[in-house]
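Residue-level listing of the chains:
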Amino acid sequence: MTVLVTGGAGYIGSHTLIELLRNNYRIVAIDNLCNSSAEAIRRVEQITGKLVPFYQGDILDKSLLIDVIKTHSVESVVHFAGLKAVGESVAKPLKYYQNNVSGVLVLLEAMAETEVFNLVFSSSAAVYQESPVQPLKEDFPLGATTPYGQSKLMVENILADLYQADQRWNIARLRYFNPVGAHESGLIGEDPNDIPNNLMPFISQVAIGKREQLSIFGNDYPTVDGTGVRDYIHVVDLAVGHVKALEKLAQAPGLLTCNLGTGKGVSVLEMLKAYEVACGMTIAHQFVERRAGDIAEYYGDPSLAKALLGWEATHTLHDIVTSSWKWQSQNPNGYSSND
């Protein structure tokens, strides 16, 4: 089977390319490189010893998508090409709806016109309403609070409507929690533009000396140590989940929705202390006021993914921090020196 991976040069996309190749899929990648680097594709080729057909282009370009699908006889699509910075989505909502919603509509049109009906969609736990009950299950109330989360929820609804209207479609909607870590080789990892939006790359950049200190937003939550608790999933586990979803769609066509998480939370201080052990140094940090909208705990129940896909996270917190530090220490400036 040939799989088109949109956003294939990105953090999750590049790791998924490796897992697809490891499982003997043929692949082709497309990415507009707005928040990624073509060097990631070259590193994937280095790790796997296989060539990765790559197109620099945008999912809003339907003619390009159709050409790529036809040229490579694509049979399935794994869609990662979405913008993901929550804060930026609040400041620039139209940018997020244009890329994350309109882009999917163009992709679906291109797929329909070329009769490709298998899709794995990169969704998010941001589609859930804030809940006093944890862990979050797939049937919990939905209700995103940011344009980023809304864009993911809109696409989830579009995909459900599409499946109801035409059951030739086979669709997996995978709701991520917090992807972290890097490939064991240290050759690919998370390389955010500008100021990181997430905890792990911020810790990494303080450890490597690019930033002075980590700001921890609140230390008075009703948690194990007063800091916020989140579900951190190793990016390789996440990538494997997409392979499992493709396998499931081939065996049992339909519409499925699964959380991809670990089923347990890690606090900010727990993550920080684990990273200090991994890098062998003390990481400067300060406590500051809580951020508006942040909640104490947020983690997912992955039992449905285990039941439906035969998937569960296997990497530990130690695996997460050691792989992250290996990537950051070997690539202090990310991919930038290779562009």
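Residues numbered from 1 in each chain as written. Predicted model: local features only at pLDDT ≥ 70, side-chain atom pairs only at ≥ 80, totals over all residues. Heavy atoms only, no water.

(A) Spatial organisation of the pattern of salt bridges. Under the definition given, this model contains 13 salt bridges. Across the pair arginine 43 and glutamate 39 runs a salt bridge whose closest N-O atoms are separated by 2.8 Å. Of this pair, arginine 43 and glutamate 39 both sit in helix 2 (residues 38–48), separated by four residues, roughly a single helical turn. For arginine 43, a relative accessible area of 6% corresponds to the buried category. Judged by relative accessible area, which is 9%, glutamate 39 ranks as buried. The residue aspartate 294 makes a salt bridge to arginine 291 at a minimum N-O spacing of 2.9 Å. (Salt bridge = Lys/Arg side-chain N within 4 Å of Asp/Glu carboxyl O. Helix = DSSP H or I, 4+ residues; strand = E, 2+ residues; numbered from the N terminus. Buried < 20%, exposed > 50% of the residue type's maximum accessible area, 1.4 Å probe, protein only.)

(B) The environment of threonine 146, seen in detail. Relative to the helices and strands, threonine 146 is located in the loop between strand 5 (118–124) and helix 6 (147–165). Through-space distance from the C-alpha of threonine 146 to that of glycine 87 is 8.4 Å; in sequence the pair is 59 residues apart. The residues contacting threonine 146, other than those within four sequence positions of it, are Val86, Ser89 and Val90. Separated by 3.1 Å, the side chain of threonine 146 and the backbone nitrogen of glycine 149 make a polar contact. (Contact = heavy atoms within 4.5 Å. Polar contact = N/O pair within 3.5 Å; in protein donor to acceptor, adjacent residues only side chain to side chain.)

(C) Structural view of helix 7 (residues 199–208). The element helix 7 is largely enclosed, with a buried count of nine among its 10 residues. Three or more residues of helix 7 are buried, namely Leu199, Met200, Pro201, Phe202, Ile203, Ser204, Gln205, Val206 and Ala207. Next to the buried residues of helix 7 lie strand 7 (178–180), strand 8 (214–217), strand 10 (232–234), helix 9 (268–279) and helix 11 (317–330). A positive phi of about 95° marks glycine 209, the residue just after helix 7.

(D) View of the nonpolar core. Ranked by internal contacts, the top residues of the largest apolar core, which has 40 residues, are Leu17, Leu20, Val52, Val120, Leu174 and Leu260. Within the residue set of this core, elements represented by two or more residues are strand 1 (2–6), helix 1 (11–22), strand 2 (26–31), helix 2, strand 6 (170–176), helix 8 (235–251), strand 11 (255–260) and helix 10 (303–309). When residues in this core are grouped by element, the largest group, seven residues, is from helix 8. Setting aside chain neighbours within four positions, we find leucine 20 in contact with Val3, Val5, Tyr25, Ile27, Val243 and Leu246. Grouped together as the second largest cluster of nonpolar side chains are 28 residues, Ile30, Leu64, Phe117 and Ile171 included. (Core = buried A, V, L, I, M, F, W, Y, C linked by side-chain atoms within 4.5 Å.)

(E) The arrangement of the side chain of threonine 114 in detail. For threonine 114, the position within the fold is in the loop between helix 5 (93–113) and strand 5. A polar contact is formed between the side chain of threonine 114 and the backbone oxygen of methionine 111, at a distance of 3.2 Å. Apart from residues lying up to four places away in sequence, threonine 114 is in contact with Ile66, Ile69 and Lys70.

(F) Highlighting the packing of helix 1 against helix 2. Between helix 1 and helix 2, the least distance of the axes is 10 Å, while the angle of their chain directions is 30°. Viewed along their axes, helix 1 and helix 2 adopt a mutual orientation that is roughly parallel. By crossing handedness, the relation of helix 1 to helix 2 is classed as right-handed. Between helix 1, through Ser14, Leu17, Ile18 and Leu21, and helix 2, the contact on the second element is made entirely by Ala40, Ile41, Val44, Ile47 and Thr48. Partitioning the contact of helix 1 with helix 2 into residue classes produces seven nonpolar, two polar and no charged. (Axes fitted to C-alpha atoms, helices over the stretch in contact; angles between N-to-C directions. Parallel < 35°, antiparallel > 145°, perpendicular 65-115°, else oblique. Left-handed = near helix turned anticlockwise from the far one by under 90°. Nonpolar A, V, L, I, M, F, W, Y, C, P; charged D, E, K, R; others polar.)

(G) Focus on the UniProt feature "domain: NAD(P)-binding" (unreviewed entry) in the protein chain. Feature annotation in UniProt places "domain: NAD(P)-binding" (unreviewed entry) on residues 4–322, given in this structure's numbering. Along residues 4–322 the backbone is 41% helical and 18% strand, and the end-to-end C-alpha distance reaches 31 Å. (UniProt positions renumbered as here; feature names shortened; annotations may be inferred.)

(H) Highlighting empty space enclosed by the protein. For the coordinates displayed, the defined rule picks out two cavities of 30 Å³ or more. Computed from the structure, the largest cavity encloses a volume of approximately 60 Å³. In terms of lining residues, the largest cavity is bounded by Tyr11, Gly181, Glu190, Met200, Pro201, Ser204, Ser324, Trp327 and Gln328. Lining the second largest cavity, in full, are His79, Ala81, Gly82, Asn100, Val104, Phe121 and Lys152. Partitioning the lining of the second largest cavity into residue classes produces three nonpolar, three polar and one charged. (1 Å grid on protein atoms, 1.4 Å probe; cavity = no way out; pocket = protein on both sides within 12 Å on 5 of 7 lines; lining within 4 Å. Points joined across faces, edges and corners; volume = space filled by probe spheres on them.)

(I) Layout of the packing of aromatic side chains. Scanning all chains against the criterion turns up four aromatic pairs. Taking the centre distance of 6.1 Å and the plane angle of 50° together, the rings of phenylalanine 177 and tyrosine 298 count as tilted. Here phenylalanine 177, found in the loop between strand 6 and strand 7, pairs with tyrosine 298, found in strand 14 (residues 297–298); they are 121 residues apart in sequence, far enough to count as distant. Taken as a pair, phenylalanine 177 and tyrosine 298 share a single burial class, namely buried. (Phe/Tyr/Trp six-rings, centres within 6.5 Å; stacked < 30°, edge-to-face > 60°.)

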